Amino acid sequence: MIKAVLFDMDGVLYDSMPSHVRAWHETMSQAGVSSSPEDFYLFEGRTGQSTINILFNRSFGKDATPEEIEALYAKKAQRFTELEHPGSKPMPGAREVLEKVKAAGIQRIIVTGSGQHSLIDKLDKNYPDFFDKDLMVTAYDVRHGKPHPEPYRMGLLKGNILPEEALVIENAPLGVESGRAAGIYTIAVNTGPLPDRVLWEAGANALYPSMLALAKHIAAYFH
Ligand code: CA
């Protein structure tokens, strides 16, 4: 019996990945660090520090300093905010999925690597009455980003539920890995440009091409 659905945020509840990718790619290019837009879809879910260090190692053969990481992450966050002005677009179909989960009496838990301070306000505005601020895992709650299982384990802990009582909804390969590593049935929704194969290889238990498509089938997973 399913008691909670754990929702990733960017690329699942919000159509915000194109802006994240553009903000990352521009910021790193201006800093003389080479990357491709596809890198950021593959890194999605990692902490900012982990993303920056992978690219620094590729370009310069060493980690970035804590000061470099802080400055680059701040710049990326600022650029993302500019690109998303006046606010992120809700993902088509996400509301329908949330309505079905709520109507079945199942908890909704957010598990995101994002550290935006405006997160709760944003969810309140776009998805009022679906989320409880005590049932959210953000960058501030965990030491490890995805693909580590810690974010989803923390979600289970906050909801006081077992892995077999939960479902994960994820769009990113590393997010799928994280959900599976926490022992949870993980539904992938391929809302980005990566091939489906990448999500299957990450361990997805099921895969849909959009949140609209998932909304038609989500109720079948509740028991
Ligand atoms: Ca995501």
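Our subject is the structure listed above.
Rules used throughout
Residues numbered from 1 in each chain as written. Predicted model: local features only at pLDDT ≥ 70, side-chain atom pairs only at ≥ 80, totals over all residues. Heavy atoms only, no water. Donors = N, O, S within 2.8 Å, 3.2 Å for Na, K, Ca; no water. Helix = DSSP H or I, 4+ residues; strand = E, 2+ residues; numbered from the N terminus. Buried < 20%, exposed > 50% of the residue type's maximum accessible area, 1.4 Å probe, protein only. 1 Å grid on protein atoms, 1.4 Å probe; cavity = no way out; pocket = protein on both sides within 12 Å on 5 of 7 lines; lining within 4 Å. Points joined across faces, edges and corners; volume = space filled by probe spheres on them. Domains from an automatic or database assignment. Salt bridge = Lys/Arg side-chain N within 4 Å of Asp/Glu carboxyl O. Core = buried A, V, L, I, M, F, W, Y, C linked by side-chain atoms within 4.5 Å. Contact = heavy atoms within 4.5 Å. Pairing = 2+ DSSP bridges. Axes fitted to C-alpha atoms, helices over the stretch in contact; angles between N-to-C directions. Phe/Tyr/Trp six-rings, centres within 6.5 Å; stacked < 30°, edge-to-face > 60°.

Asks: Got a minute to help me understand the coordination of the calcium ion in this structure?
Replies: As a benchmark, a tetrahedral metal site with four donors has ideal angles of 109.5 degrees, while an octahedral site with six donors has ideal angles of 90 or 180 degrees. Every protein donor of the calcium ion is listed here as Asp8 (OD), Asp10 (O), Glu44 (OE) and Asn171 (OD1), and their distances to the metal cover 2.1 to 2.3 Å. Donor residues for the calcium ion, ordered by position in the chain, follow D-x1-D-x33-E-x126-N. Taken as a pair, Asp8 in the loop between strand E1 (4-7) and helix H1 (17-30) and Glu44 in the loop between helix H2 (37-43) and helix H3 (48-60) lie far apart in primary sequence, 36 residues in all. Just as Asp8 is buried, Glu44 falls in that class too.

Asks: How do you make sense of the layout of surface pockets when you look at a structure like this?
Replies: In this structure, the largest pocket encloses a volume near 710 Å³. At the level of elements, H1, H2, H3, helix H4 (66-84) and helix H6 (119-126) are the ones that each hand at least two residues to the lining of the largest pocket. Top contributing element to the lining of the largest pocket by residue count: H4, with 6 residues. Here the lining of the largest pocket spans two domains, since at least three of its residues come from each of domain 1 (4-16 + 89-222) and domain 2 (17-84). Estimated volume of the second largest pocket: approximately 280 Å³.

Asks: Would you mind showing me how to read the pattern of salt bridges here?
Replies: Proximity of charged atoms lets side chains of opposite charge pair with each other. All chains considered together, the criterion is met by 10 salt bridges. Across the pair Glu82 and Arg79 runs a salt bridge, and its minimum N-O distance is 2.8 Å. Of this pair, Glu82 and Arg79 both sit in helix H4, separated by 3 residues, roughly a single helical turn. The partly exposed category is assigned to Glu82, whose relative accessible area is 43%.

Asks: Help me understand the nonpolar core in this model?
Replies: Soluble globular proteins tend to pack their nonpolar side chains together in the buried interior. In this structure, Phe7, Leu13, Leu123, Phe131 and Ile169 are the most contacted members of the largest nonpolar core, which totals 33 residues. Of all the elements in the fold, those that place two or more residues in this core are E1, helix H5 (94-103), H6, strand E4 (166-170), strand E5 (185-189), strand E6 (206-208) and helix H10 (211-217). Setting aside anything within four residues of it in sequence, one finds Ile169 in contact with Val5, Leu6, Phe7, Asp8, Val12, Val97, Tyr152, Ile187, Val189, Met211, Leu214 and Ile218. Listed in part, the 16 residues of the second largest apolar core include Phe40, Ile52, Phe56 and Leu72.

Asks: Hey, could you run me through the sheet that holds strand E3 (residues 136-137) in this one?
Replies: Two modes of strand pairing occur in sheets, parallel and antiparallel, and in both the strands are linked by backbone hydrogen bonds. Across the sheet, which stays open at both edges, the 6 strands sit in the order E3-E2-E1-E4-E5-E6 with parallel pairing between neighbours. Each end of this open sheet is capped by a strand with a single partner; those strands are E3 and E6. Both strand E2 (residues 107-111) and E3 contribute to a ladder of 2 bridges, which runs parallel. By the bridge assignment, Ile110 is partnered in E3 with Met136. Along the sheet, helix H8 (residues 173-181) makes contact with E4 and E5, crossing E5 at roughly 165°.

Asks: Please clarify how the packing of aromatic side chains should be interpreted in this entry.
Replies: Two aromatic rings are characterised by how far apart their centres lie and by the angle between their planes. Inspection of the entire model under this criterion finds 8 aromatic pairs. Relative to Tyr127, the ring of Tyr14 lies with its centre 5.6 Å away and its plane at 70°, an arrangement referred to as edge-to-face. Here Tyr14 is found in the loop between E1 and H1, whereas its partner Tyr127 is found in the loop between H6 and E3, with 113 residues between them in sequence. Here Tyr14 matches Tyr127 in class, with each residue buried. When the ring of Tyr208 is compared with that of Tyr221, the centres are 6.4 Å apart and the planes differ by 90°; the resulting orientation is edge-to-face. On the criterion of sequence distance, the pair formed by Tyr208 in strand E6 and Tyr221 in the segment after H10 is long-range, its members being 13 residues apart. Classification of Tyr208 as buried rests on a relative accessible area of 13%.

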